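Topology and contacts: notes
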Amino acid sequence: MAPRAGRLIAGVFVVPVLLLAGCGGGSSSSNTAPAADQGPQTGTINVLGSDNAETYAPVIKAFESANAGIKVNYSQVPFDQFNSTLQQRLGAKDSTIDVYTVDQPRVSQLAAKGFLVDLTDLDAKTKAATSQASYDANHFRDKLWSLPMWNSTQFLFYNKSALKKAGVTPPTTDPEQRWTWEQVATAGKKAQQAGGTKYGLLLEQAEAYYQLQPLAESLGGGSGITGPDALTPAVTTDGWKKAMSWYGGTFASGLSPRGIGGFQTGPVFSNGNVAFFVGGPWDIGVFSSAKVDWGIAPMPYFEGGKPVTPTGSWSLGINPASKQQGMARKFIEFATLDTAGNLATTEATTIIPANTKSEAQYLPRLEKLAGSKSTGAAEIVSYEASKTAVGRPVSVGYIQFEEVMGKAFADIRNGTDAASRLETATSQLNEAWKSIK
Amino acid sequence: MDSTGEVSRVGNPMRTRQPRRLGKATKAGRATKADRAGQPGQGRVALLFLLPALISLALLRLIPAGVALVDSFFTESLLRGGRVFVGLGNYSDLLGNADFRKSVGVTLLFTVIVNPLQIAVAFLLAVLYTQRATGSKFWRSLVILPIAVPPAVSAVIWSVIYRPDGLGNSFLDLLKIPAQPFLTSTEQALPSIIVLLSWIGVGYWMLFLIAGINDIPDDIHEAASLDGVSPWRRLWSITLPLVRRPLAFVLVADTVSNLLVFAPVQILTKGGPNGTTNLMMYDVYNRAYAIGDLHTAQAEVILLVAVTLIIVALQFRLLRGDDR
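Residues numbered from 1 in each chain as written. Chains lettered and ligands numbered in written order. Predicted model: local features only at pLDDT ≥ 70, side-chain atom pairs only at ≥ 80, totals over all residues. Heavy atoms only, no water.

- An unreviewed UniProt entry annotates chain B as Multiple sugar transport system permease protein of Kribbella antiqua.
- Looking at chain B in UniProt, the text filed under Subcellular location (unreviewed entry) is "Cell membrane".
- UniProt annotates chain B under Sequence similarities (unreviewed entry) with the comment "Belongs to the binding-protein-dependent transport system permease family." (UniProt positions renumbered as here; feature names shortened; annotations may be inferred.)

- You'll find chain A entered in an unreviewed UniProt entry as Multiple sugar transport system substrate-binding protein, with Kribbella antiqua given as the organism.
- Reading the Sequence similarities (unreviewed entry) entry of the UniProt record for chain A gives the comment "Belongs to the bacterial solute-binding protein 1 family."

Right under this line is the structure:
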């Protein structure tokens, strides 16, 4: 038996080690100036993103017909695994990724790790093409690292027939008449009791910082990150504690369902199982074909607090390990800075283009997308962008922040006491950020 | 990642066979030592044949393992840049980390429950399906079937079963049992994962035990039945002692594969709620790729290997004691 043990043990030892091999850590040197070698003029470039391939089909088609000899191959990695997959492949200097989609709050860390090509020579062009917020979101240490493709906001969708059955007058599209979360909870409960829907309220990304930051910000809780280098956690403020205990309560009371995660949430609304649903512009397109009769209103805020809505979305960046950076630049410029190109990225999936000229052409289309149901959407988008939008914090520690907070939100959703869980998150953040400082 | 777990599972039986063959070869070699002296090139030829295997062994296993070990003594600052030697700093950081300690606790609890459970069920099923009964081969195939499904796909299937409005609760409702929270509760999440893993694993381990049981000479059983030994006694005094070798292999291989469980945790619970399913393998992944602290993750890999070695060594100790 002894020799057996020896071999087995050797086997045991190497398996987990293999998992981490081949992915040497990212170098911390920042990339300066575009590489001298731009690679071939024609060929196939690889684009990696988290959306389905249909989303990019129109822009790829338009780009390919405008640039003979360049083909674009898009691959999708599901959102849940996207960031870790990127971390893994970029860390291994994988040259088979030329262009990838960049979640805007992650720009700083990706740039600091040397995972993005410096695009500062496109600075003036970018500034002219997009809003100030979008322009800022793609900068880190005064350099431009990615080009803004999309923008976002959130709406409150409601199930018209369920509210009618419960005798509730639905909210209007007027941002000045915006409902409070307390009103939504009461009305949602009524709809549940009247038997109209199984649940009262559901947030599309129920465990994501993007959608939950506005809750804390509405109560003056701040973004959760402070300090001169934006590496000090601040998630135990009164605003955060109050917002999160309210949020945990919506699951404890059965107003919201537990255990339905990620992107399984949309169908709960389109199948008529929830009275209120907080979601993005993309849902207007998705829900337009739903059998449920629905309406749209601005995202709620807390009573006594101020209205705050999320913003920001995906940008496009270039992998420094790419051997085809010339073609890659052509593609990302086309998909973001070119009016028609940027508009094409929003053709298949409903999302707000970041290019200001494209947005002007896009909003009337959004307004009509779901007939009378989406009337008022364009007005809400413009209002939120100028008055209530608060971006996610810019910090090199954002990636860790989002991961740690995501787990905290999941636990709070499943019944853990919010205040103590936020304390735990604070110490987890301090641990995680130790390796950055 | 899932496939790696799979490979380790499938790979182990092969690895255990190899030593025997090699052992015979060396004995044969010794016998003909005199002949070999006349052919000095033979050793070199043998080495040449072995070279591809040795190179891949070094390239794919030994070097990465070495890199992991070395990396675990360093740290890298994102803001300041540069690799800094910290000695055992990453290890002491880990040991001082409450999440890591909880993860070790969860992994040990999981190991203590899942392995005896899977092996007991696999053994009982193996005994059942080696009885000469109609349809036993058909039922046997059904039990083995889940092996054909990749672990990640199984996890997705079970995520639908475990959803609060999913199949699991609909089934319980038929039996008039109230709805259960499954993966969203700190008490039920780990057992839910154990059920899923057993659904996949039991059939696989059963295969080895069936082979072991079929190896028992029929005349022993015949002699026992002539002596009027009860079936229970036969199971206890004949079958169990005679399948001890395959059973030992199954115990060790199952333990190792369960210590490396990753896909279901990643897909179903992400280690939650409150870290109750945060098995070490997932914690390593999380530290390396979600948090991005590769060096501490390498240190944790080394500790995971250490935990695995201790458990496996302990198992061999116990089994060897039995042999004498």
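1. Details of the overall build of chain B
- Along chain B, the regular secondary structure elements total 15 helices and two strands.
- Residues counted as buried form 47% of the 324 residues belonging to chain B.
- Across chain B, the fraction of contacts at a sequence separation of at least 24, relative to all contacts at a separation of at least 6, is 68%.
- Carbon and sulfur atoms form 68% of the exposed surface of chain B, whose accessible area is close to 17000 Å². (Helix = DSSP H or I, 4+ residues; strand = E, 2+ residues; numbered from the N terminus. Buried < 20%, exposed > 50% of the residue type's maximum accessible area, 1.4 Å probe, protein only. Contact = heavy atoms within 4.5 Å. Areas by Shrake-Rupley, 256 points an atom, 1.4 Å probe, with all protein chains shown as cover.)

2. Section: the nonpolar core
- Grouped together as the largest cluster of nonpolar side chains are 99 residues, with contacts concentrated most on Tyr100(A), Met244(A), Phe276(A) and Phe331(A).
- In this view, Phe331(A) contacts Ile45(A), Val47(A), Ile60(A), Phe63(A), Val72(A), Val99(A) and Leu316(A); residues no more than four positions away in its chain are not counted.
- Within the second largest apolar cluster, 44 residues are counted, among which are Phe100(B), Trp158(B), Leu268(B) and Ala299(B). (Core = buried A, V, L, I, M, F, W, Y, C linked by side-chain atoms within 4.5 Å.)

3. Here's the deal with the domain arrangement of chain A
Residue and element names in this part refer to chain A.
- Domain parsing of chain A yields domain 1 (3–17 + 24–152 + 312–386) and domain 2 (155–310 + 394–436).
- Put simply, the middle of domain 1 and the middle of domain 2, counted by C-alpha atoms, are 26 Å apart.
- Across the contact, 29 residues belong to domain 1 and 33 residues belong to domain 2.
- Between the two partners, domain 1 and domain 2, sit three salt bridges.
- As a salt-bridge pair, Glu402 and Arg106 come within 2.6 Å of each other at their nearest N and O atoms.
- The tally of links from domain 1 across to domain 2 stands at nine residue pairs in polar contact (both at pLDDT 80 or more).
- Secondary-structure elements contributing two or more residues to the side of domain 1 that touches domain 2 are helix 3 (79–91), helix 4 (107–112), helix 15 (356–369) and helix 16 (377–387). (Domains from an automatic or database assignment. Salt bridge = Lys/Arg side-chain N within 4 Å of Asp/Glu carboxyl O. Polar contact = N/O pair within 3.5 Å; in protein donor to acceptor, adjacent residues only side chain to side chain.)

4. A few points about the confidence of the model for chain B
All names here are of chain B.
- Averaged over all residues, the pLDDT of chain B is 83; the fraction at 70 or higher stands at 85%.
- Across chain B, the secondary-structure element scoring lowest on mean pLDDT is helix 1 (residues 2–31), at 39, and the one scoring highest is helix 5 (residues 98–129), at 93.
- Here residues 1–34 is a poorly scored stretch, pLDDT under 50, and it has 32 contacts once near neighbours within four places are set aside; other chains count.
- Scored as a whole, the predicted complex attains pTM 0.80, and scored at its interfaces, ipTM 0.75. (pLDDT = per-residue confidence, 0-100.)

5. A short note on the pairing of strand 12 (residues 274–279) of chain A
Residue and element names in this part refer to chain A.
- Burial of strand 12 is extensive: six of the six residues sit out of reach of the surface.
- When strand 9 (residues 199–203) meets strand 12, the two strands line up parallel, connected through four bridges. In the strand pairing of strand 12, Tyr199 is matched with Val274. (Pairing = 2+ DSSP bridges.)

6. What about the packing of helix 6 (residues 136–144) of chain B against helix 9 (residues 189–215) of chain B?
All names here are of chain B.
- Look at helix 6 against helix 9: their axes get within 8 Å of each other, and the N-to-C directions meet at 135°. Between helix 6 and helix 9, the interaxial angle falls into the category oblique. Seen from helix 6, the contacting residues are Arg140, Val143 and Ile144; seen from helix 9, they are Gly203, Met206, Leu207 and Ile210.
- Looking at the contact of helix 6 with helix 9 residue by residue, the class counts come to five nonpolar, one polar and one charged. (Axes fitted to C-alpha atoms, helices over the stretch in contact; angles between N-to-C directions. Parallel < 35°, antiparallel > 145°, perpendicular 65-115°, else oblique. Nonpolar A, V, L, I, M, F, W, Y, C, P; charged D, E, K, R; others polar.)

7. Looking at the pattern of salt bridges
All names here are of chain A.
- On inspection of all chains with the given rule, the structure shows 13 salt bridges over all chains.
- Among the salt bridges present, the one from Arg421 reaches Asp411, with a minimum N-O distance of 2.8 Å. Of this pair, Arg421 sits in helix 18 (residues 418–434) while Asp411 sits in helix 17 (residues 398–413); the two residues are ten residues apart in sequence, bridging distant segments of the chain. Accessibility classification places Arg421 together with Asp411 in one group, the buried group.
- Linked through salt bridges whose partners overlap, the residues forming this network are Arg106, Glu402 and Glu403.

8. Section: the UniProt feature "domain: ABC transmembrane type-1" (unreviewed entry) in chain B
- Cross-referencing UniProt, the feature "domain: ABC transmembrane type-1" (unreviewed entry) maps to residues 104–315 of chain B in the present numbering.
- Counted over residues 104–315 of chain B, helix gives 75% and strand 0%. Its end C-alpha atoms are 19 Å apart.

9. A look at the packing of aromatic side chains
- Considering all chains together, one arrives at 41 aromatic pairs over all chains under this definition.
- Through successive ring pairs, a cluster of aromatic residues spans Phe155(A), Phe157(A), Phe269(A), Phe277(A), Phe287(A) and Trp294(A). (Phe/Tyr/Trp six-rings, centres within 6.5 Å; stacked < 30°, edge-to-face > 60°.)

10. Section: unusual backbone geometry
- With a phi angle near 50°, Lys93(A) is a residue other than glycine that sits in the positive phi range.
- The residue Lys93(A) is located in the loop between helix 3 and strand 3 (99–103) in this model.
- The phi angle at Asn274(B) is positive, at roughly 55°, despite the residue not being glycine.

11. Some points on the sheet that holds strand 13 (residues 294–298) of chain A
All names here are of chain A.
- In space, the four strands of this open sheet follow the order 9-12-8-13, with mixed pairing throughout. Whereas interior strands pair on both sides, the edge strands pair on one side only; in this sheet they are strand 9 and strand 13. Going from strand to strand, the sheet's axes swing by 20° on average, the running direction of each strand aside.
- As paired strands, strand 8 (residues 155–159) and strand 13 are joined by five bridges and run antiparallel to one another. Looking across to strand 13, one finds that Leu156 is bridged to Ala297.

12. A word on the UniProt feature "transmembrane region" (unreviewed entry) in chain B
Residue and element names in this part refer to chain B.
- Within this numbering scheme, the UniProt entry marks residues 45–70, 104–130, 142–162, 189–211, 247–268 and 301–319 as carrying the feature "transmembrane region" (unreviewed entry).
- Structurally, residues 189–211 is divided into 100% helix and 0% strand, and its ends, taken at the C-alpha atoms, are 34 Å apart.
- Annotation note: span residues 301–319, helix share 100%, strand share 0%, distance between end C-alpha atoms 27 Å.

13. Quick word on helix 5 of chain B
- In a regular helix each residue adds 1.5 Å, so 32 residues correspond to 46 Å; helix 5 of chain B covers 46 Å between its end C-alpha atoms and thus fits that length.
- Where helix 5 of chain B begins, the side chain of Asn97(B) points an oxygen toward the backbone nitrogen of Asp99(B), at a separation of 2.7 Å. (Expected span 1.5 Å × (residues − 1).)

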